[in-house]
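# Chain and residue survey
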Amino acid sequence: MATENIKFSGFSLVKRKELQGDDYYDVKSIGDLTVAIVCDGVGSAIEGAQAAKRTTQHLMNNFKIRPKSWSIEKSIKSFIESINSILYQESQNDYESSELVTTLTIVVIQGDRLYGANVGDSRVYLLRDNTLTQLSQDHAMDEEGYENVLTQAIGIEATTTPYYFENIVQKDDKILLCSDGLYNELTPEIIKQQIPLGANALVKKASKLNDDNLPDDTTAVVVEILKADEYQVLRRQKLEVPQTLKKGQNIDGYTLIKPLIQNERTWLVHKKTKDYVIKFAPKEAADDEMILDLFVKEAWNAKRLKAPFFPKAVVPKTRTMRYYVMQLFEGEDLDNYLEHKHLSIDDSVALAQRLLEMSQFLLKYDLVHGDIKPPNVMIAKDDDENLEFKVIDYGSITEIFSTTSQAGTPSFLAPERFVGEAISESSEIFAIGVTLYLTLTGRYPYGEIEPFQTPTFKEAKKPSSYNKNIPDWLDSVILRSIAIDKKNRYEHYSEMSYEMKYPAKVKPYFDTNLSIMERSPLLFYKTGFIVMFVVNLILLIIMNA
């Protein structure tokens, strides 16, 4: 879920007149995740406060570097297991008993789904339609008089089994994470009344009921869902997937003029006084949930990714079928353009910079384009007769580090993609480099690769060997971007972008696997001449001695 669709607050007060307490909390947006954590250090343990703080920080820091291939459930359970083991072992080493002990409750929100877990008696509540529901499950004894005796806590045993739960969140839902200091002082009815006012109001209400002399540390975090997740809203819409489309057909006021690609799912259309482009869901989406999901994600990306390098796109609110509408960009794709024209060096540099800007923009959303190539670049002249580039094909956009994405065209795929490695900045840079090489030379650096082919990569020739206008610095940038070994390639967009902007800073590129003679024949012969001259001079001196 987009972070602008979520509002959160957190507040904590220590018991009585003490200056420091045992509770600790944090709530952050990390990419497309919202992570909220509350820990209540066990007061009877010597290092309860430290355990609460370290557990919170451990979980939050690990979510920042979470492997993208890990599910949220696996992440939560693995990170809890990790910090439990750390605190338990450290406590046994230092105290020979469990003294780094804390309760934990964590909630992670992604899209319209809530993932949560708790260990101990800190709780998670959900307020929906004026009904308060406890989502967590207390790990405490049921016997009267022993309600505060924990049966599980972080750091108390070598292993722990968190209570894990999931739920779907909706617009206006409010999620409360709190320590026992809060729910022991406030009735469910008061909690229900105070949650809409935020964490501060909840904790201060508990304090006021105790004449500002709380018997226990009291902490609350409130997460409010301001708006439903747009992707899920699009996904749930009951819309027809048209099986046949015909010229002249009118759909929601759009008149179909002609199909733009062979599968007849992308059409030039007319409405009122303007022409647009409509892309319909594949026919198979009517029966295949996976294909439908991919198209919904494509439409969602088209709508939300607003930037000058993409055509403007909208998803009409009143549509009756699965489609989205795009701005008609008057031009042709780069592939067709290169059949009858050439790009200058300056325009080619501008193209590369545009592709890098687009890639850096997508990175903010943890996305990559996935299929950068000339057919997916539209080209036209602006009002000042300068070339303008637009990137198309929202359908290929996918999550960075995905190992399951089939996005990409073989001739533009980095070598590591053929052996199942994740899509990355480096592999996208490779596609940008191949596009630049092809644009300037009319040739693929490693030959044209057919689908299902397992290619063998051999070192590419310098682009300047085909196009003498290419300067040395650009030769090096292109060769570095398409290096077979990714260790020799740019790792980040920013690195390539910097060298494109500052040619004087570009260092000559040499493949480290090549011999000195292959890297620089002139340097090799110059060095050989100097060595032979010195050797002959020494021999001459010896002979005359």
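Our structure is the block above this text.
Here's what I pulled together on the structure shown here. (Residues numbered from 1 in each chain as written. Predicted model: local features only at pLDDT ≥ 70, side-chain atom pairs only at ≥ 80, totals over all residues. Heavy atoms only, no water.)

So, on to the overall build of the protein chain. Each helix and strand counted, the protein chain has 14 helices and 21 strands in total. Relative to its length of 545 residues, the protein chain is extended, with a C-alpha radius of gyration of 31 Å against a globular reference of 24 Å. By principal-axis analysis of the C-alpha atoms, the protein chain measures approximately 100 × 95 × 40 Å. When burial is assessed residue by residue, the protein chain has 48% of its 545 residues classed as buried. Once local pairs closer than 6 in sequence are excluded, the contacts in the protein chain between residues at least 24 apart make up 65%. When the accessible area of the protein chain is evaluated, it comes to approximately 28,100 Å², of which 51% is carbon and sulfur surface. (Helix = DSSP H or I, 4+ residues; strand = E, 2+ residues; numbered from the N terminus. Rg over C-alpha atoms; globule rule 2.2 N^0.38 Å. Buried < 20%, exposed > 50% of the residue type's maximum accessible area, 1.4 Å probe, protein only. Contact = heavy atoms within 4.5 Å. Areas by Shrake-Rupley, 256 points an atom, 1.4 Å probe, with all protein chains shown as cover.)

The next thing to look at is unusual backbone geometry. You will see that aspartate 211, though not glycine, has its phi angle at about 55°, which is positive. Looking at the element boundaries, aspartate 211 is found in the loop between α5 (199–209) and β10 (218–225). Judged by relative accessible area, aspartate 211 falls into the exposed class, the value being 67%. Non-glycine residue phenylalanine 452 carries a positive phi angle of around 70°. Residue position: phenylalanine 452 is located in the loop between α10 (425–441) and α11 (472–481).

A cluster of nonpolar side chains, contributed by Phe529, Ile530, Val531, Phe533, Val534, Val535, Leu537, Ile538, Leu539, Leu540, Ile541 and Ile542, occupies part of the molecular surface with about 1,200 Å² of accessible area. Turning to its location among the elements, leucine 540 is positioned in helix α14 (residues 521–544). Judged by its relative accessible area of 48%, leucine 540 falls in the partly exposed class. (Patch = residues over 30% accessible without salt bridge, like charges linked within 9 Å, V, L, I, M, F, W, Y side chains within 5 Å. Salt bridge = Lys/Arg side-chain N within 4 Å of Asp/Glu carboxyl O.)

To continue, consider the pattern of salt bridges. In this structure the tally under the stated criterion is 21 salt bridges. When the shortest N-O distance is used, the salt bridge between glutamate 289 and arginine 235 registers 2.1 Å. Taken together, the positions of glutamate 289 in helix α7 (residues 289–304) and arginine 235 in helix α6 (residues 230–236) put the pair 54 residues apart, joining distant regions of the chain. Arginine 235 serves as the salt-bridge partner of aspartate 293, at 2.3 Å between the closest nitrogen and oxygen. Placement of aspartate 293 in helix α7 and of arginine 235 in helix α6 is noted, with a sequence separation of 58 residues between them. Through salt bridges with shared partners, one network takes in Arg235, Glu289 and Asp293.

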